[in-house]
Amino acid sequence: MEAADDAYWDEIAAQADALPDGWRRHARRAHLELLDRWVGAPTGRWLKTDLFEERQATRSLLERLGSAQWVGADLARETVRAAGVHPAVTADVRHLPVADGVFDGVLSTSTLDHFDDVASIEEALVELRRVLRRDGRLVLTLDNPQNPLVRLRNALPHRVARRTGLVPFAVGATLGLDDGAAALTRSGFDVLDTATLLHAPHVVGTRLARLPVWERRVLPQLDRAATTRIGRYSGHFVAFLCRPT
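About the cut-offs
Every chain begins its residue count from 1, and numbering advances along the sequence as written. Totals for whole chains, interfaces and linings use all residues, but because this is a predicted model, local features are given only for residues with pLDDT of at least 70 and pairs of side-chain atoms are given and counted only at 80 or more. As a rule here, side-chain values come from all non-hydrogen atoms in the structure, and water together with hydrogens is ignored. Note on classification: 1.4 Å probe, protein chains only; a residue is buried when its accessible area is under 20% of the maximum for its type, exposed when over 50%, partly exposed between these limits. Each helix corresponds to a stretch of at least 4 residues labelled H or I by DSSP, and each strand to a stretch of at least 2 residues labelled E; elements are numbered beginning at the N terminus. Directions from the helix axis toward the C-beta atoms define the arc. The contact criterion used is simple: two residues touch if any of their non-hydrogen atoms lie within 4.5 Å. Pairing of aromatic side chains requires ring centres within 6.5 Å, counting the rings of Phe and Tyr and the six-membered ring of Trp. Pairs whose planes differ by under 30 degrees are stacked, by over 60 edge-to-face, and all others tilted. Throughout this description, the term charge over a ring refers to an Arg CZ or Lys NZ atom that lies within 6 Å of the ring centre and within 35 degrees of the ring normal. A pocket here means an open set of points on a 1 Å grid, computed over the protein atoms alone, that has protein on both sides within 12 Å along at least five of seven lines. A cavity is instead a set of points where a 1.4 Å probe fits but cannot get out; residues with an atom within 4 Å of a point line either one. Grid points are joined across faces, edges and corners, and a volume is the space filled by probe spheres set on the points. Charged residues are taken to be Asp, Glu, Lys and Arg, nonpolar residues to be Ala, Val, Leu, Ile, Met, Phe, Trp, Tyr, Cys and Pro, and polar residues to be all remaining types, Gly included. Here, a salt bridge means any side-chain nitrogen of Lys or Arg that lies within 4 Å of a carboxyl oxygen of Asp or Glu. In short, DSSP must find at least two bridges between two strands for them to pair. Consider the strands pointing away from the viewer: the crossover is right-handed when the path from the first strand over the helix to the second runs clockwise.

Novice: Just checking my understanding: could you explain helix 9 (residues 212–222) for this structure?
Specialist: Within an α-helix, residues lying three or four positions from one another point in the same direction, as the helix has 3.6 residues per turn. Restricting attention to buried positions, one finds in helix 9 the residues W214, E215 and L219. Each buried residue of helix 9 lies within a common arc of 90° when the element is viewed along its axis, so the set occupies one face. Residues of helix 9 that are exposed and point over 90 degrees away from its buried face: R216 and R217. Tucked inside the fold, the buried residues of helix 9 contact helix 2 (21–39) and helix 8 (204–207).

This is the structure we're talking about:
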């Protein structure tokens, strides 16, 4: 994903969501519970990268995190407009138009897994390190490459994945728990904790969330895999809590 791709992401921003509201609500709960466990109620000035999920009430995290002063950042102008986050900047996360050390925290949800290579991920991590205060926190999530269904989905040619509805936008390089922790260390972070999120089987497990019983009972049970040995393979996302070194 290069800066010149902003027109592409504007097109993506105009698409309707293909996944049911039940899945989106469940995913939002999982992210909010993780944030509560790791940082409590965020306070001070925080940066939210990737505003795609902020366009929908069933997905928005920031409407439940009003305790902090939030600044949004996204590459797509249309996404920034539709998200309604103020203030917000249209920017590549590798080149943020803000001064050093201005944020108490950064929440980066599945943003850096759209680049073509790991070098670009690390470039973005260095930039996030730059804009954080020395005692700040980074909460980062990435597609989990150790989940075989996510790996298969990401390996599909983009035109095939988009036509089948498996993923309506371009995906790129990503990092698992071990490689992600190593990249964060190289980029100037201490990794304080890690987790995996959303353990329903991909495709079938997400689409069945249109059934209320699946959302209320089955999905929470499946997420208990996070505490088992298979959790690093079943999670859709890996998550990291970090602070600048």
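Novice: Is there a simple way to think about the packing of aromatic side chains in this case?
Specialist: Both the distance between ring centres and the angle between the ring planes are used here to describe each pair of aromatic rings. Scanning the entire structure with this criterion turns up one aromatic pair. Directly above the aromatic system of F52 lies the positively charged group of R55, at a separation of 3.9 Å from the ring centroid.

Novice: I tried to follow unusual backbone geometry on my own but got confused; where do I start?
Specialist: With the exception of glycine, the majority of residues adopt a negative phi angle, and the majority of peptide bonds are in the trans configuration. Across the junction of H86 and P87, the peptide omega takes the value 0°, indicating a cis bond. Not every positive phi belongs to a glycine, and D50 is a case in point at roughly 70°. Following the sequence through the fold, D50 ends up in the loop between strand 1 (45–49) and strand 2 (69–74). One non-glycine residue with positive phi stands out, namely S110, at about 45°.

Novice: Even after reading the chapter, I still don't get empty space enclosed by the protein, so can you show me in this structure?
Specialist: Where empty space is left can be seen by rolling a probe of water-molecule size over the atoms. Tallying each qualifying case throughout the model produces two cavities of 30 Å³ or more. In terms of lining, the second largest cavity is formed by H31, L34, L35, L61, L107, T109, V139 and T141. Those elements that provide at least two residues to the lining of the second largest cavity are helix 2, strand 4 (103–109) and strand 5 (132–143). Residues that form the lining of the second largest cavity fall into these classes: five nonpolar, three polar and no charged.

Novice: Just to check I follow, could you spell out the pattern of salt bridges for this structure?
Specialist: Side-chain pairing between opposite charges can occur once the charged atoms of the two side chains come close. A complete count under the given rule lists 15 salt bridges for this structure. In this structure, K48 engages E54 in a salt bridge whose closest nitrogen and oxygen atoms are separated by 3.8 Å. With respect to class, K48 is no different from E54; both count as buried. Salt bridges linked by common partners bring R25, R29 and E215 together as one network.

Novice: Would you take a moment to explain the pairing of strand 4 for this structure?
Specialist: Within a regular strand, the side chains alternate between the two sheet faces. Buried residues dominate strand 4, accounting for six of its seven residues. Where strand 4 and strand 5 come together, six bridges link them in parallel fashion. Bridge assignment links F103 to a residue of strand 5, and that residue is L132. In the classification by handedness, the crossover that spans strand 4, the intervening helix 4 (residues 118–131) and the parallel strand 5 is right-handed.

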